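Each chain, letter by letter, is given below.
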Amino acid sequence: MKQKEFNFKDYIRNRYFPHIWCPGCGHGIVLGALLRAVHELGLEKNEIVVTSGIGCSSRISGYVDFHTLHTIHGRALAFATGVKLSKPSLKAIVPMGDGDALAIGGNHFIHAARRNIDITAIVMNNRIYGMTGGQFSPLSGSGKKATTAPYLTIDRAFDIVDLAKSAGATFVARSTVFHATESKDIIKKAITHKGFSVVEILTQCPTYYGRKNKEGDAIQMMEGFNTHTAKIGSKKLENNPNLIQRGIFVEDKTVPEYCEAYDQIIATAMKESL
Amino acid sequence: MAKNKPSEPRTKNRIRHLIDTQWCKGCGICIHFCPEKVLEFDEQGKAKAVRPEDCIACRLCELRCPDLAIQIIMDKEDNHDHP
Ligand SMILES: Cc1ncc(C[n+]2csc(CCOP(=O)(O)OP(=O)(O)O)c2C)c(N)n1
Ligand code: SF4
Ligand code: SF4
Ligand code: SF4
Ligand SMILES: [Mg+2]
């Protein structure tokens with residue numbers, strides 16, 4: 001059977017559009033990449049559950065026409081864990097902000113990775129708290145301006161890829177909204193991967209991060225994602241190893257997935273109690 | 001690929017740019033990154049395909065539009081895969 005041509009209107013809740021995000025906000029590009037990934041994988045809408053917390057990024061769960069839960073700031077992975085354990089057949093996708101995932105939600109993040117539960121976490125990293133007015137996040141890095149750092153930040157940033165790797169995530173990747181097709185392809189692989197997948201997508205908040213740090217408008221910020229990143233294994237990276245690396249860093253299929261491991265424990269316990 | 005028609009000398013595939021001006025927020029991303037300079041702002045500051053005949057249907061505009069406001073529609077004449 002030939003697949004129907006992609007039309008994002010088949011996958012969104014039309015009534016909530018135009019969406020709430022600012023002009024040029026990169027979050028919408030991540031939304032587009034996610035919808036295309038779902039389409040190309042040929043998934044049915046009711047096979048997917050999108051769980052999100054609170055933040056501009058987290059609004060995404062309102063826009064997609066899948067099963068959705070819009071929960072509380074930082075706890076989307078905890079809710080998704082509950083849903084996944086009760087209905088392991090669902091594809092669990094958790095779009096998150098950098099603050100949501102790694103400030104208030106950092107604890108849930110590392111433990112979901114450690115368990116290797118089959119959830120796809122998409123961290124929409126704009127290096128700021130967009131929704132609440134531009135406070136710095138654990139991803140801002142030092143020497144940046146934010147509402148809460150008028151004289152520049154002093155905190156160092158996490159490296160999401162390194163953190164996810166060391167916490168035990170079995171699929172870890174990074175892309176940017178400039179690289180929309182690459183993002184889509186990586187999301188497809190992440191959804192297909194059985195285990196905890198982390199996809200960091202660098203995205204722009206022109207309203208706060210861009211304006212405060214004089215990084216220009218959305219277009220210039222996207223140009224920056226092109227200039228300051230390089231694909232792993234590329235000549236560009238070889239020539240300039242300090243660039244931010246893009247690509248798939250971990251894809252490990254040997255670690256047991258949490259729901260399956262849990263089922264085995266249940267089976268063992270049932271046998272014992274007979 | 002469909003044959004060029006004499007009446008549409010440069011439009012090989014009959015590409016339509018469906019732009020929802022209610023959804024477009026005028027960020028200019030599609031205009032800036034279009035490799036063929038097909039798009040420009042209209043009087044309202046919304047994206048508009050001013051040189052559609054130059055479009056190569058790369059879909060970069062569609063992929064990068066943060067507002068899902070632009071769709072590239074290909075009207076294929078030899079359309080054998082109709083649903
Ligand atoms: C428990 C709790 N603490 C704080 C907040 C306020 N709050 C809402 S969104 C947010 C941060 C948003 O930043 P991020 O997660 O990076 O998402 P973005 O808006 O940048 O996409 C904060 C602190 C909240 N809603 N709930
Ligand atoms: S405040 Fe920033 S993150 Fe939030 S919608 Fe606006 S541009 Fe996007
Ligand atoms: S499809 Fe490509 S060439 Fe055509 S308008 Fe969009 S970006 Fe330009
Ligand atoms: S990228 Fe989308 S929202 Fe921005 S100007 Fe183009 S059509 Fe409008
Ligand atoms: Mg953020």
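Note that this is a predicted model, so its numbers are computed, not measured.

A.B. asks: What is the right way to read the coordination of the magnesium ion (ligand 5) from this model?
C.D. replies: Tetrahedral metal sites with four donors have an ideal angle of 109.5 degrees; octahedral sites with six donors have ideal angles of 90 or 180 degrees. Residue and element names in this part refer to chain A. The coordination sphere of the magnesium ion (ligand 5) contains the protein donors Asp 98 (OD), Asn 126 (OD1) and Ile 128 (O), at a distance range of 2.0 to 2.1 Å. Within one chain, the residues donating to the magnesium ion (ligand 5) are spaced in sequence as D-x27-N-x1-I. Of this pair, Asp 98 sits in helix H4 (residues 98–102) while Ile 128 sits in the loop between strand E4 (119–125) and helix H6 (160–167), and the two are 30 residues apart along the sequence. The pair formed by Asp 98 and Ile 128 is uniform in burial state, with each residue classed as buried.

A.B. asks: I keep staring at the pairing of strand E3 (residues 91–97) of chain A and nothing clicks. Help me out?
C.D. replies: Look at any regular strand and the pattern is simple: side chains alternate between the two faces of the sheet. All names here are of chain A. Most of E3 sits inside the fold, with six of its seven residues counted as buried. Two strands pair when backbone bridges link them, and strand E1 (residues 48–52) and E3 are joined in this way by three bridges, in the parallel orientation. Directly across from Val 49, in E3, lies its bridge partner Ala 92. Examined bridge by bridge, E3 and E4 share six bridges and lie parallel to one another. Directly across from Ile 93, in E4, lies its bridge partner Thr 120.

A.B. asks: So what exactly am I meant to see when it comes to the environment of B:Arg16 here?
C.D. replies: Residues and elements named next belong to chain B. Looking at the secondary structure, you find Arg 16 in strand E1 (residues 15–19). Judged by its relative accessible area of 42%, Arg 16 falls in the partly exposed class. For the pair Arg 16 and Pro 52, spaced 36 residues apart in the sequence, the C-alpha separation amounts to 7.5 Å. Residues contacting Arg 16, with those up to four places away along its chain left out, are Gln 71, Ile 72, Ile 73 and Asp 75.

A.B. asks: What's the story with the site of ligand 2 in this structure? I'm lost.
C.D. replies: Residues and elements named next belong to chain A. Lining the immediate surroundings of ligand 2 are Trp 21, Cys 22, Cys 25, His 27, Cys 56, Asn 126, Gly 130, Cys 205, Pro 206, Thr 207 and Tyr 208. Here the shell around ligand 2 gets three residues from one element, more than from any other, and that element is helix H8 (residues 206–212). The class makeup of the residues in the shell around ligand 2 is seven nonpolar, four polar and no charged.

A.B. asks: Explain the environment of B:Glu53 to me, please; I cannot follow it from the model alone.
C.D. replies: Residues and elements named next belong to chain B. With respect to the element layout, Glu 53 can be found in the loop between strand E3 (47–49) and helix H2 (60–64). Relative accessible area serves as the criterion here: at 32%, Glu 53 is assigned to the partly exposed category. Separated by 37 residues in the primary sequence, Glu 53 and Arg 16 have C-alpha atoms spaced 9.6 Å apart.

A.B. asks: Would you mind showing me how to read the pattern of salt bridges here?
C.D. replies: A pair can form between side chains of opposite charge whenever their charged atoms are brought close. All names here are of chain A. For the structure on display, the rule yields 20 salt bridges over all chains. Of the charged contacts, one joins Lys 84 and Asp 118 as a salt bridge, the two residues approaching to 3.5 Å between their closest N and O atoms. Taken together, the residues Lys 84 in helix H3 (residues 76–86) and Asp 118 in the loop between helix H5 (106–115) and E4 connect sequence positions 34 residues apart. As far as burial versus exposure is concerned, Lys 84 and Asp 118 are alike and both buried. The residue Glu 200 makes a salt bridge to Arg 174 at a minimum N-O spacing of 2.8 Å. In this pair, Glu 200 is assigned in strand E6 (residues 197–202) and Arg 174 in strand E5 (residues 171–176), connecting sequence segments 26 residues apart. For the pair shown, Glu 200 and Arg 174 are each scored as buried.

The rules behind each value
- Positions within a chain are numbered from 1, following the residues in the order the chain's sequence is written.
- Both sets of labels track the order of writing: A upward for chains, 1 upward for ligands.
- Reporting in this predicted model follows two pLDDT cut-offs: at least 70 for local features of residues, and 80 or more for side-chain atom pairs to be given and counted; totals over whole chains, interfaces and linings ignore these cut-offs and use all residues.
- With hydrogens and water excluded, all non-hydrogen atoms of the structure serve as input to the side-chain values.
- Any nitrogen, oxygen or sulfur atom within 2.8 Å of a metal ion counts as a donor, with the limit raised to 3.2 Å for Na, K and Ca, and since water is left out, coordination shells can look unfinished.
- Secondary structure is summarised from DSSP: a helix means a run of H or I of at least four residues, a strand means a run of E of at least two, and numbering begins at the N terminus for each.
- Think of it in three bands: with a 1.4 Å probe and only protein chains considered, a residue is buried below 20% of the maximum accessible area for its type, exposed above 50%, and partly exposed in between.
- At least two DSSP bridges between two strands are needed for those strands to be called paired.
- We call two residues contacting when some pair of their heavy atoms lies within 4.5 Å.
- For this description, a residue counts as near a given molecule or strand if any of its non-hydrogen atoms is within 4 Å of it.
- All amino acids are sorted into three groups, where Ala, Val, Leu, Ile, Met, Phe, Trp, Tyr, Cys and Pro are nonpolar, Asp, Glu, Lys and Arg are charged, and the leftover types, Gly among them, are polar.
- Whenever a carboxyl oxygen of Asp or Glu lies within 4 Å of a side-chain nitrogen of Lys or Arg, that contact is scored as a salt bridge.

Note that all results are geometric; they support no functional claim without further evidence.
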